[in-house]
Amino acid sequence: MRILIVDDEPAMHDSYRRSFAPVSADTGALDAMAAELFGDDESAATDDAPAFALTHAMQGQDGVAAVEAAIRAGDPYAVAFIDVRMPPGIDGKETAVRIRALDPDIHLVIVTGFSDFSPIDISKAAGPADKIFYIAKPFEVAEVTQMATALTHRWQGDRALAEAREVLAAQVVQLQEQGHELAANESRAIHMANHDSLTEAPNRLAFRRALTDRARSPSQFAVAMVDLDRFKLVNDTLGHLAGDELIRTICRILQAQIPEGGVVARLGGDEFGLLFDTPGAEAAEMECARILKACSGTFKVLGNSVEGGASIGLIVTEPGQSRDPTDLMRRADLALNDAKRDGRGIVRVFDEGMDENIRLRRAIEGGLSQAIAKGELSLVYQPIVAREELEVVGFEALLRWNTEDHGPISPAVFIPIAEESNLIHELGDWVLAESLKVLAEWPGQYVSVNFSPRQFRRHNFVGRLVERVQRAGVAPHRVQIEITETAIFDDADRAADTLYKLRQMGFRIALDDFGTGYSSLYNIRKFALDCLKIDRSFIDGMGRERESAAIVHSIIHLGRALGLGVVAEGVETEAQLQALRVAGCSHMQGYLLSRPIARDVARLIAEARFIVDPSARYDAAEEAEAGCGTHG
């Protein structure tokens, strides 16, 4: 440790030299003997004493110069002992002030027998107070060495702390920069996920979200589908660059012509979606006719003259009419197809006569209301298998409807219709009751029951569920609640509270069809979930599309990072099974392992516990159909 001595008396410098002189071998031997005789272990303290390197200055200016040189050399002093009176040069106070100005970290020790300055004066001038100390002349050797030892240790600690703070400050800055970068990347990702790259207009996902939000309001609104006429001809004759430029031109026209507050989205290809408030069908049709006129005519595209034109299909919400976004877009699309068939360049308002499915819907709705009483409903069960030994850990309950008049009807057809009416609650209660009954036949597996968004948002959903499970005498951990992203993200805060209550009571929670909705990592993190179910469309595309394989791997890694199980749905080939095993997917479900099966076959598989040979499928005679919908 470097120490500076500033004093105008040569005798004082000799005293400092003797005080800081290293202990001789003889003295060391005597100290050891004394410690052995008297049990005094002072030598332990001296072992830790630092080695001091002294620099002597006879005048204050010399001391200041020494400090300046030490700083330049990168080897500063830890402590400076300064005499107050040093004629004829600058006094100790001024010396301390100048040294402090050069080195704010050095510890100053004022050594004097008398002084014209009080300690307070010197501290104010050369402080801070915690870095300036005093020793009176004549001093004891121990007093000087102990002071030097303590202050050098403190100086070392101060430097280490300062370095740690610099490192921490740099890390804080780095973290802030990374945070800004992540925020910017997230902002860009959100923008890209919701906007069309060619036109920068909202895309299909954003349009559906806007339509969902508008459907919640009591206002009347119009949904229109716009399709360019003879667009393929432009692409074929002038090239795709010209086609892209025409798309951008039409998009700008639509954005300029849409009523105030309306939304223009590019849905894909040469199709656009329009959403705007309207007082009625007649007014909406007039607005669309005006927009259509603006899109018709001759446009300059990359130096070429192009005849533009479009067709529009329109639907206006009516009181009591379904406001389901998918249904509204489907009906507007039906009206657009009718406009195309009738010669193009026209606006066609949706008429229920365009949709033969409406009559079928009404027939299905009437049949569903009597299906339970007629005994037309049944459940089948598809095993959920663990990755390692293909152990059957649970079964997903799937609803089937076999009518007297029309035969089997796919769940993909009747579940959405039931969802639009209160029939979904009656069906859901029946499915839950039947699913709880079958648990008594299984040695320990759980049953996974699908709940639609409307069921999940039902008043006192948790209370109703708990009451039915308790009445059946079933442990909650043997019941898995399967819900879709739509069910929870429509009202994320309420959903988070509901899921938390269910998990607290012991129920399992699975997020179905994961990857097809618009979930965010933040929302996934805040929900009480047990597992994510990868939608079958991604599993099916694994062998053909790099994108599907990347999505599957990402979901598996996300689930593992969050401590969630991951169930791959729709596993149909040995290659898919092995790829999922290698990727670390915890559970599988699909036709390779077993089709949905009847209750008695499910009991046999549950008792066997393992799928020994995936190629030996368990087919049920009633499962000739290939579909397995939300409830089935």
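This structure is a prediction, so every number in the text was calculated from the model and none was measured. (Residues numbered from 1 in each chain as written. Predicted model: local features only at pLDDT ≥ 70, side-chain atom pairs only at ≥ 80, totals over all residues. Heavy atoms only, no water.)

Draft legend 1. Main features of the pairing of strand β7 (residues 263–268). Across the six residues that make up β7, a large majority, five, are buried. Looking at chain direction, β7 and strand β8 (residues 271–277) are connected through five bridges and run antiparallel. Of the residues in β8, the one forming a bridge with alanine 265 is glycine 273. Taken together, β7 and the strand that follows it, β8, pair antiparallel across an intervening segment of two residues, in which glycine 269 is found at a positive phi of about 55 degrees. (Buried < 20%, exposed > 50% of the residue type's maximum accessible area, 1.4 Å probe, protein only. Helix = DSSP H or I, 4+ residues; strand = E, 2+ residues; numbered from the N terminus. Pairing = 2+ DSSP bridges.)

Draft legend 2. Region of the structure containing the nonpolar core. Leu499 and Leu580 are the most contacted members of the largest nonpolar core, which has 82 residues in total. At eight residues, helix α15 (residues 423–438) tops the list of elements feeding residues into this core. The residues contacting leucine 499, other than those within four sequence positions of it, are Phe456, Ile483, Ile488, Ile509, Phe527, Ala528 and Leu529. Ile250, Cys251, Ile258 and Leu274 belong to the second-largest nonpolar core, a separate cluster that totals 33 residues. (Core = buried A, V, L, I, M, F, W, Y, C linked by side-chain atoms within 4.5 Å. Contact = heavy atoms within 4.5 Å.)

Draft legend 3. Up close: unusual backbone geometry. Although it is not a glycine, glutamate 200 adopts a positive phi angle of roughly 65 degrees. By secondary structure assignment, the location of glutamate 200 is in the loop between α7 (141–194) and α8 (204–216). Positioned with a positive phi, arginine 230 is a non-glycine residue whose angle comes to about 60 degrees. Checked against the element boundaries, arginine 230 lands in the loop between β6 (221–228) and α9 (231–238). What makes arginine 230 partly exposed here is its relative accessible area of 44%.

Draft legend 4. Seen up close, the packing of helix α17 (residues 461–472) against helix α19 (residues 492–504). Where α17 meets α19, the axes come as close as 10 Å, and the angle between the chain directions of the two elements is 20 degrees. The orientation of α17 with respect to α19, classified from their angle, is roughly parallel. Crossing hand, α17 versus α19: right-handed. On the side of α17, the interface is formed by Phe461, Val462 and Leu465, while α19 contributes Thr498, Lys501 and Leu502. When the residues that make up the contact of α17 with α19 are grouped by side-chain class, the tally is four nonpolar, one polar and one charged. (Axes fitted to C-alpha atoms, helices over the stretch in contact; angles between N-to-C directions. Parallel < 35°, antiparallel > 145°, perpendicular 65-115°, else oblique. Left-handed = near helix turned anticlockwise from the far one by under 90°. Nonpolar A, V, L, I, M, F, W, Y, C, P; charged D, E, K, R; others polar.)

Draft legend 5. Broad picture of the confidence of the model for the chain. Overall, the prediction assigns the chain a mean pLDDT of 85, with 89% of residues at 70 or greater. Contacts for the low-pLDDT stretch residues 25–30, under 50 throughout, to residues beyond four places or in other chains number one contact. Segment residues 40–46: pLDDT under 50, and one contact once partners within four positions in sequence are set aside and those in other chains are kept. (pLDDT = per-residue confidence, 0-100.)

Draft legend 6. Here's a closer look at the sheet that holds strand β11 (residues 310–316). Strand order in this open sheet of five strands is β7-β8-β6-β11-β12, and the pairing throughout is mixed. On the outer flanks of this sheet lie β7 and β12 (347–349), each paired with one strand and no other. Pairs of neighbouring strands in the sheet enclose a mean axial angle of 20 degrees, with direction left out of account. Here helix α10 (residues 240–257) sits on the sheet in contact with β6, β7 and β8, set at roughly 5 degrees to β8.

Draft legend 7. Quick peek at the sheet that holds strand β3 (residues 79–83). Here five strands make up an open sheet; going across it, the order is β2-β1-β3-β4-β5 and the pairing parallel. Each edge of the open sheet carries a strand with a single partner, namely β2 (53–57) and β5 (132–136). When strand polarity is set aside, the average angle formed by the axes of neighbouring strands in this sheet is 20 degrees. For strand β1 (residues 2–6) and β3, the ladder comprises four bridges, and the chain directions are parallel. When the sheet's bridge partners are listed, isoleucine 3 is paired in β3 with valine 79.

Draft legend 8. Quick peek at the side chain of aspartate 103. In this structure, aspartate 103 sits in the loop between α5 (92–102) and β4 (107–112). Arginine 100 provides the closest opposite charge to the buried, unpaired aspartate 103, separated from it by 5.9 Å. At a separation of 3.0 Å, a polar atom in the side chain of aspartate 103 contacts the main-chain amide nitrogen of aspartate 105. (Lys, Arg positive; Asp, Glu negative; His and termini not counted. Salt bridge = Lys/Arg side-chain N within 4 Å of Asp/Glu carboxyl O. Polar contact = N/O pair within 3.5 Å; in protein donor to acceptor, adjacent residues only side chain to side chain.)

Draft legend 9. How the structure looks around α19. Taking 1.5 Å per residue as the helical rise, α19 with its 13 residues ought to reach 18 Å, and the 18 Å between its terminal C-alpha atoms agrees with that figure. All buried positions along α19 are accounted for by Ala492, Ala495, Ala496, Thr498, Leu499 and Leu502. Within α19, the buried residues cover an arc of 165 degrees as seen down the axis, which keeps them to one side. Opposite the buried face of α19, at more than 90 degrees from it, the exposed residues are Asp493 and Gln504. Residue glycine 506 follows α19 closely and has a positive phi angle near 105 degrees. (Expected span 1.5 Å × (residues − 1). Arc of directions from axis to C-beta.)

Draft legend 10. Representation of α15 within the structure. Between its first and last C-alpha atoms α15 spans 23 Å; for 16 residues at 1.5 Å apiece the expected length is 22 Å, and the two agree. Along α15, 12 of the 16 residues are buried, which leaves the element largely enclosed by surrounding structure.

Draft legend 11. How the structure looks around the packing of aromatic side chains. Inspection of every chain in the model, using the stated rule, returns eight aromatic pairs. Taking 5.1 Å as the distance between ring centres and 65 degrees as the angle between the ring planes, the aromatic pair formed by phenylalanine 20 and phenylalanine 52 counts as edge-to-face. Separated by 32 residues along the polypeptide, phenylalanine 20 in the loop between α1 (10–19) and α2 (25–38) and phenylalanine 52 in the loop between α3 (42–47) and β2 bring together distant segments of the chain. Since its relative accessible area comes to 10%, phenylalanine 20 is described here as buried. With centroids separated by 5.6 Å and ring planes inclined at 90 degrees, the aromatic side chains of tyrosine 381 and tryptophan 442 adopt a geometry described as edge-to-face. One end of the pair, tyrosine 381, is in strand β13 (residues 377–386); the other, tryptophan 442, is in the loop between α15 and β16 (446–450), with 61 residues separating them in the sequence. (Phe/Tyr/Trp six-rings, centres within 6.5 Å; stacked < 30°, edge-to-face > 60°.)

Draft legend 12. The arrangement of the state of the cysteines in detail. All chains considered together, the criterion is met by zero disulfides. A disulfide-free cysteine, cysteine 531 has its sulfur positioned 9.8 Å from the sulfur of cysteine 585, the nearest such atom. Owing to a relative accessible area of 4%, cysteine 531 belongs among the buried residues under this scheme. (Disulfide = S-S within 2.5 Å.)

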